2 protein chains.
Amino acid sequence: MLDDTATVPVDPPGGPRGLGLGEFRLDGGFWGGLQDTNTAATLRHCLDWMERLGWIANFDRVARSDTGGERPGWQFSDSEIYKLMEALAWEHGRTGEAWADEALTALTERVAAAQDDDGYLNTCYGHAGQADRYTDLSSGHELYCTGHLLQAAVARLRTVGEDKLVEVARRAADEVCRTFGPDGRDGICGHPEIEVGLAEFGRALREPRYTEQARLFIERRGRGTLRPVTLLDASYFQDDIPVREADAWRGHAVRALYLAAGAVDVAVDTRDTGLLDAVARQWGSSVERRTYLTGGMGSRHQDEGFGEDWELPPDRAYCETCAGIASNMVSWRLYLATGDVKYADLMERTFYNVIAASPSEDGKAFFYANPLHQRSAAAAMRPDDVNPRAEGGVRAPWFDVSCCPTNLARTLASWQAYAASVDGDQVTLLQYANGDMRIAVGGAALALRITTAYPKTGAIRIEVLAAPPGPVELRLRVPNWAEGATLTADSTTAAVEPGWAIVHAPLRPGATVVLDLPVAPRFTWPDDRIDAVRGCVAVERGPLVLCVESIDLPEGHVIESLRVDPAHPPRLEADGAVVRASSGPGLATSGLPYRSAMRPRAVVPETDLRLIPYHRWAGRGSTAMRVFLPVA
Amino acid sequence: MLDDTATVPVDPPGGPRGLGLGEFRLDGGFWGGLQDTNTAATLRHCLDWMERLGWIANFDRVARSDTGGERPGWQFSDSEIYKLMEALAWEHGRTGEAWADEALTALTERVAAAQDDDGYLNTCYGHAGQADRYTDLSSGHELYCTGHLLQAAVARLRTVGEDKLVEVARRAADEVCRTFGPDGRDGICGHPEIEVGLAEFGRALREPRYTEQARLFIERRGRGTLRPVTLLDASYFQDDIPVREADAWRGHAVRALYLAAGAVDVAVDTRDTGLLDAVARQWGSSVERRTYLTGGMGSRHQDEGFGEDWELPPDRAYCETCAGIASNMVSWRLYLATGDVKYADLMERTFYNVIAASPSEDGKAFFYANPLHQRSAAAAMRPDDVNPRAEGGVRAPWFDVSCCPTNLARTLASWQAYAASVDGDQVTLLQYANGDMRIAVGGAALALRITTAYPKTGAIRIEVLAAPPGPVELRLRVPNWAEGATLTADSTTAAVEPGWAIVHAPLRPGATVVLDLPVAPRFTWPDDRIDAVRGCVAVERGPLVLCVESIDLPEGHVIESLRVDPAHPPRLEADGAVVRASSGPGLATSGLPYRSAMRPRAVVPETDLRLIPYHRWAGRGSTAMRVFLPVA
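For the structure given in this document, a descriptive report is provided here. In this text the structure is predicted, and so the values were computed from the model without any measurement. (Residues numbered from 1 in each chain as written. Chains lettered and ligands numbered in written order. Predicted model: local features only at pLDDT ≥ 70, side-chain atom pairs only at ≥ 80, totals over all residues. Heavy atoms only, no water.)

**Some thoughts on the side chain of R290 of chain B**
Residues and elements named next belong to chain B. Put simply, the rule is: In this text, helices come from DSSP runs of H or I with a minimum length of four residues, and strands from runs of E with a minimum of two, each type numbered from the N-terminal end. Only protein chains enter the calculation, and the probe is 1.4 Å; a residue is then buried if its accessible area is under 20% of its type maximum, exposed if over 50%, and partly exposed in between. Distance and chemistry together define a polar contact, namely a pair of N or O atoms within 3.5 Å, with one atom able to donate a hydrogen and the other to accept it when in protein, and with adjacent residues in sequence counting only for side-chain atoms on both sides. In this analysis, two residues are considered to be in contact whenever any of their non-hydrogen atoms come within 4.5 Å of each other.
Along the chain, R290 turns up in the loop between α10 (273–289) and α11 (321–338). Residue class for R290 comes out buried when judged on its relative accessible area of 12%. Within polar-contact distance, the side chain of R290 engages the backbone oxygen of W249 at 2.6 Å. A polar contact of 2.9 Å, which involves the side chain of R290, links it to the side chain of D309. When residues no more than four places from it in sequence are discounted, the contact partners of R290 are A248, W249, R250, S285, M297, F306, G307, E308, D309 and L312.

Okay, here's the thing in structure tokens:
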């Protein structure tokens, strides 16, 4: 194992660093539980599915020059293997588990055997019976796949060091630089990802050619060079406006966000403040006008894309799990680049309400889309079913386009990285989870035991087990929703405002700090320009968005006619809340549903209505569900 | 010219008949104007575009066995030529115009030359270098194209009689019957249309084999035999549930509606009341829960489809022009089958607010999608631009998938058919337009001069110019929105309720009847289960839905923050209305747009706000627009 502090997915020069995976051992609780399930079930689930479907065997077929027949999987299926490899690398780095190392090594052998002599590596193009290399940059996804290979190699390099995977990735990256370099082809990939892969691989190997190639791809984008895809325009793949000129994210959400993440990397590495400011500006306007309460991004199914300002329909929200992951990739890079707490705030929201919503309790089924309103219960799926669509309402074992399960696997395997940051002698806790931190500060260790049931309860107790001899500044993030938080240190309790709470008490072994965040349920109101939820209110509890499921409706109530009484604030119940609500008796009118005067329909009298955390919806079977509730 | 009474697109056995094209001569006004523009511009515009793009030349290439190269147009482009041929046939039948006849004859020659010896006729399949016939029933659209050929032949048969087009169609229909008949292949087409084509062609030729083949296609549907299309399920092409078992329309709207139209034809011809009741039930539930205020159908861009109950987002409304035409195809058939006024009511709404909205004033550009809310002005198009997408906001000269212009052309060319119905000695006026009717009742003529500026004004004056010697019952449709209408006959004015107003006065030459419909602007409220327009009101005027365009906003007002004052009823202004409205000053908040308490933003004081008829929006250039306005 290498230096713990270096085992991070993102390691820009200067500024704060994220937490090395070995610096924080989770012990149960919300994120420990999700990570344990990832370890116990999801990683192997992904491996088994991709073996069964022949997506891994595609590499074997290239290796033995057997590429004439029909190839299982989409043209981008290689990327799923790479994302799983990245997950396995982090998993092994974090836990030392031999099976993760063995599985990764076995995959590496099969992938390596498919690499062409000049470094090109793709199972869908460039071999007998296949289309030529790079003949379809708009939809071919070759550079996208390579980007994921590089990210897997970064994980391996930072947890184990140079090995065969790193060598394979280096040869692939070199081939990309030769083909698309300053003197090469003036092309970009329809699906960004190569940028973020090259940038980090360049950092990990201290190879400026890779950073420069990432920069070239960023600069070339937005000039309309990609051949349009049927019924979509250039904004779909962000080829409509140069990155540094755009005001908001648009088009396919995952593409827009992977591109933005790569742009931050390039901006930081090349000290390009104009580019950094552009992405920060896009983050600001997109969060203000194109983001769901859950942190979810992507309003449209049609192009899996952002909509226009204020176009945020709860029922047709796409909010792809991968877009949540990608949003956190951007926010994390912007946090490291700027230190602004707002980026960590959005990450918390997205972690709890998009990323944590995706996996089933057993880690073997996943949400792809994460709508905030499900009008009718979806059909259930069997454990061996592949979901051909990305509709919401049911967690599926696998998908025809199955980007989310492996993306989730790599994110959960490396979750620690985002929990805190270290900048010189300043340590900042960003996300709260139960476990033990042992952070390298200067040459010594700051050991903290964090005890919390967060977000179920709001108390986060931090006990200092060991401290470096020199000064350490400990900062705690007070989330932007946490009005009324308190910090207790040195037996003194003080109110703290959203933002940074700085612990002024000396950090001696035995010292204890308690941050108390108010997690009582609360009403949350949408901006009145979001047409789709006008006249509605949501209920949140701490970082959790809550929802109503049809399974919890009292007798006689129907989900399409609920009316919440805003005079009764929500009160705590179990993990969720209870509000007072009335509702219509059912579907009473007939004919065209527009009238010169609406007759009030009979109403079911006010009663208690239960809400549960959004991330657990559909956990008791398929249901109808809504986050935003009309106000009486 | 044949018997005028037979020149109708739909001629079921028994019950009322529609108006023959020669029985109603429009004289300017709303529909006369649209029809004149169709004559003067749209027909030739369609012909020129399809010649320029090579879609017509595809037939020539098949005729000379030159099918190896790349073929311009989608696999269904033949259908556009057939829809134009249908339009030309009605046009010639209605006007006697030689150029329409010549253009149709020339097209017929080119189409006929491409027909295979066994009657198969398609320029995309079945020839050298092409995929085999009927190898892709899900997406190939071969039977869909044939269905449109048969509808064109019906128009020719009923306006001119047997000719080469009819013969071509007969051979094509026979090939379909041989291939897919009771002893043939158990297949259906992914896009319904062959059903309605075969049924009417069977009626026109008195050929029961065609009716039977239409019946077979209807019965086979909904049994999951179509291979799924990527990312869509069987409901997309209505292959999920048998027609007689479904409760609502779902999936691709045009497909669902063409199928329903064919099912009514089959039900009527085979006296299958179960099937007729099923379609009537689907109409009822779909109109109640899946239809826009404009009559538009299809809530989703993704699959051009219906959404779920109450899923009616105004901004992402697809409301394809073709779906409006198809909806009227269904409603018209249900009206003829049942005589229920509600079908004619919906047709009026759809005629004025979907179909009339599509063409530009010059008849050379068209809306494909007809949303009820355009958030930002679309980019303008040049007269030689093909629109690759079906987004709303701008009328385009032509589309990559260009189904709407030719569909509009055939509908406007035959608009008279839907204006009245005749059943024995009962004559029913359904749609009001300025012009002269000369209707065959029994063996004699009822001649009516209709004078009206409807819908600009509400008075419809009907003067009897000639009447048959025997009794005639004249009925007038009083639209379902027309509370407070009056009927003046024999110098007596009486209130009439929505539904049928029966003229009891004797219909002697010189007698005059005046129907007065209240077309003052009025507020219209949506059912409170339509989440997307909660807290909003619309303004209507007679049959017209009105809208606000950004170009008409008073200084300081912004379209996303308008607030209408419901205490001030709308008042008439020009063709539209004026309401009182305030609005926010612009985009003031920042950060995630959800708050525990919203700060009220500064408001621009109440002022007059102008609304115009929806069907004319974007007529003064690209604008933002909305139909539903938030209430203060």
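**Here we look at the relation of the copies chain B and chain A**
Test applied: What sets the superposition is a least-squares fit of C-alpha atoms, and only residues with pLDDT of at least 70 in both copies go into it.
The operation relating chain B to chain A is a screw motion whose rotation component is 180°, with 0.0 Å of axial translation and a residual RMSD of 0.0 Å. In short, the pair behaves as if placed about a two-fold rotation axis. The fraction of interface residues of chain B whose copies in chain A are also interface residues reaches 100%, indicating that both copies meet through the same surface.

**Topic: the pattern of salt bridges**
The cut-off we apply is this: We count a salt bridge whenever a side-chain nitrogen from Lys or Arg sits within 4 Å of a carboxyl oxygen from Asp or Glu.
One pass over the structure, following the stated rule, counts 114 salt bridges over all chains. Where R300 of chain A meets E311 of chain A, a salt bridge forms, and the shortest distance between an N and an O atom there is 2.8 Å. Residue R300 of chain A is found in the loop between α10 (273–289) and α11 (321–338), and its partner E311 of chain A is found in the loop between α10 and α11; the two are separated by 11 residues along the sequence. A relative accessible area of 12% means that R300 of chain A is categorised as buried. In this structure E311 of chain A comes out as buried when scored by relative accessible area, which is 2%. We note a salt bridge from D315 of chain B to R375 of chain B, for which the minimum N-O separation is 3.0 Å. Of this pair, D315 of chain B sits in the loop between α10 and α11 while R375 of chain B sits in the loop between β3 (373–374) and β4 (386–387); the two residues are 60 residues apart in sequence, bridging distant segments of the chain. For the pair D315 of chain B and R375 of chain B, one class covers both residues: buried.

**Some details on the interface of chain B and chain A**
Note the following rule: Take the accessible area each of two parts loses on contact, using a 1.4 Å probe, and add the two losses: that sum is the buried area. Gly falls in the polar group here, along with every residue not listed as nonpolar (Ala, Val, Leu, Ile, Met, Phe, Trp, Tyr, Cys, Pro) or charged (Asp, Glu, Lys, Arg). We call two strands paired when DSSP finds no fewer than two bridges between them.
In this assembly, 63 residues from chain B lie in contact with 63 residues from chain A. Here chain B and chain A share an interface that buries about 5,400 Å² over both sides, 49% of which is from carbon and sulfur atoms. As a salt-bridge pair, E311 of chain A and R316 of chain B come within 3.7 Å of each other at their nearest N and O atoms. Here chain B and chain A share 19 residue pairs in polar contact (both at pLDDT 80 or more) between them. Residue contributions to the side of chain B that touches chain A peak at four residues, all from strand β16 (residues 521–526) of chain B. Here the side of chain B that touches chain A is composed, by residue class, of 25 nonpolar, 14 polar and 24 charged. Inspection of the sheet shows strand β16 (residues 521–526) of chain A paired to strand β22 (residues 594–595) of chain B by two bridges, in the antiparallel sense. Its bridge partner lying in β22 of chain B, P526 of chain A is registered against Y594 of chain B.

**Details of the sheet that holds strand β11 (residues 473–478) of chain A**
All names here are of chain A. Test applied: To obtain an axis, a line is fitted to C-alpha atoms, over the contacting stretch when the element is a helix, and the angle between two such axes runs from 0 to 180 degrees between their N-to-C directions.
What the five strands build is an open sheet, ordered β1-β6-β7-β11-β14; its pairing is mixed. Of all the strands in the sheet, the pair left with one neighbour each is β1 (17–18) and β14 (499–503). As judged from the four bridges shared by strand β6 (residues 420–423) and strand β7 (residues 426–429), these two strands associate in the antiparallel manner. Paired with D423 across the bridge in β7 is Q426. Strands β11 and β14 of the sheet are contacted by helix α12 (residues 341–355), whose axis makes an angle of about 55° with β11.

**Observations regarding the nonpolar core**
Residues and elements named next belong to chain A. Threshold: Definition used in this section: a nonpolar core is a set of buried Ala, Val, Leu, Ile, Met, Phe, Trp, Tyr and Cys residues joined via side-chain atoms within 4.5 Å.
Counting residues in each nonpolar core, the largest one holds 210 residues, and the members touching the most others are W31, F201, W249, L429, L476, L517 and V627. Of the residues forming this core, the biggest block, 13 residues, is contributed by helix α9 (residues 253–269). If we skip the residues at most four places from it in the chain, V627 touches L293, L372, V537, A538, V545, L546, C547 and Y614.

**Side note on the side chain of H557 of chain B**
Position of H557 of chain B relative to the elements: it lies in the loop between β18 (544–549) and β19 (562–564). Setting aside anything within four residues of it in sequence, one finds H557 of chain B in contact with L562, A581, S582, S583, V604, P605 and T607 of chain B.

**A word on empty space enclosed by the protein**
Operational definition: Site definitions follow a grid-based scheme: protein atoms alone, a 1 Å grid, a 1.4 Å probe that fits but cannot get out for cavities, and for pockets an open set with protein on both sides within 12 Å along at least five of seven lines, plus lining residues having an atom within 4 Å of a point. Grid points are joined across faces, edges and corners, and a volume is the space filled by probe spheres set on the points.
Within the structure shown, the criterion is met by 16 cavities of 30 Å³ or more. Quantified by volume, the largest cavity comes out at close to 290 Å³. Forming the boundary of the largest cavity are 28 residues, of which S299, P313 and R316 of chain A together with P313 and R316 of chain B lie nearest the centre. Classifying every residue of the lining of the largest cavity by side-chain character gives eight nonpolar, eight polar and 12 charged.

**Focus on helix α4 (residues 98–113) of chain B**
Test applied: How far a helix is expected to stretch is found by multiplying one less than its residue total by 1.5 Å.
In this model, α4 of chain B (16 residues) spans 23 Å end to end at C-alpha, consistent with the 22 Å of a helix rising 1.5 Å per residue. On its buried side, α4 of chain B packs onto α1 (29–52), α2 (57–63), α3 (78–95), α5 (142–159) and α6 (164–180) of chain B.

**Structural notes on unusual backbone geometry**
Of note, the bond from Y454 of chain A into P455 of chain A is cis; its omega dihedral lies within 30 degrees of zero at 5°. Looking at the secondary structure, you find P455 of chain A in the loop between β9 (444–452) and β10 (459–466). Phi at R271 of chain B takes a positive value of approximately 50°, unusual for a residue other than glycine. Mapping R271 of chain B onto the fold places it in the loop between α9 (253–269) and α10. Look at R271 of chain B and you get exposed, because its relative accessible area is 76%. The backbone of A574 of chain B sits at a positive phi, close to 50°, despite the residue not being glycine. Along the polypeptide, A574 of chain B turns up in the loop between β20 (571–573) and β21 (576–583).

**Here's the deal with the pairing of strand β23 (residues 604–613) of chain B**
The two faces of a sheet get side chains in turn, since along a regular strand they alternate between them. Residue and element names in this part refer to chain B. Of the strand pairs in this sheet, β18 and β23 are connected by two bridges, and their pairing is antiparallel. Bridge pairing links C547 to I612 in β23. Taken together, the six bridges between β21 and β23 define a ladder with antiparallel strand orientation. Across the sheet, the residue bridging to S583 is V604, located in β23.

**Structural notes on the sheet that holds β9 of chain A**
All names here are of chain A. Here seven strands make up an open sheet; going across it, the order is β2-β8-β9-β10-β15-β12-β13 and the pairing antiparallel. On the outer flanks of this sheet lie β2 (24–26) and β13 (492–496), each paired with one strand and no other. Going across the sheet, the axis of each strand differs from the next one's by a mean of 20°, ignoring polarity. Where strand β12 (residues 485–489) and β13 come together, five bridges link them in antiparallel fashion. If you follow L487 over to β13, its bridge partner there is A494.

**Considerations on α1 of chain B**
Residue and element names in this part refer to chain B. Here is the rule: Here the bend at a residue means the angle between the axes of two seven-residue stretches, the one that ends at it and the one that starts at it.
For α1, with 24 residues, the first-to-last C-alpha span of 33 Å sits near the 34 Å given by 1.5 Å per residue. In the structure, α1 departs most strongly from a straight axis at N38, where the bend amounts to approximately 45°. Phi turns positive one or two residues past the end of α1, at G54, with a value near 85°.

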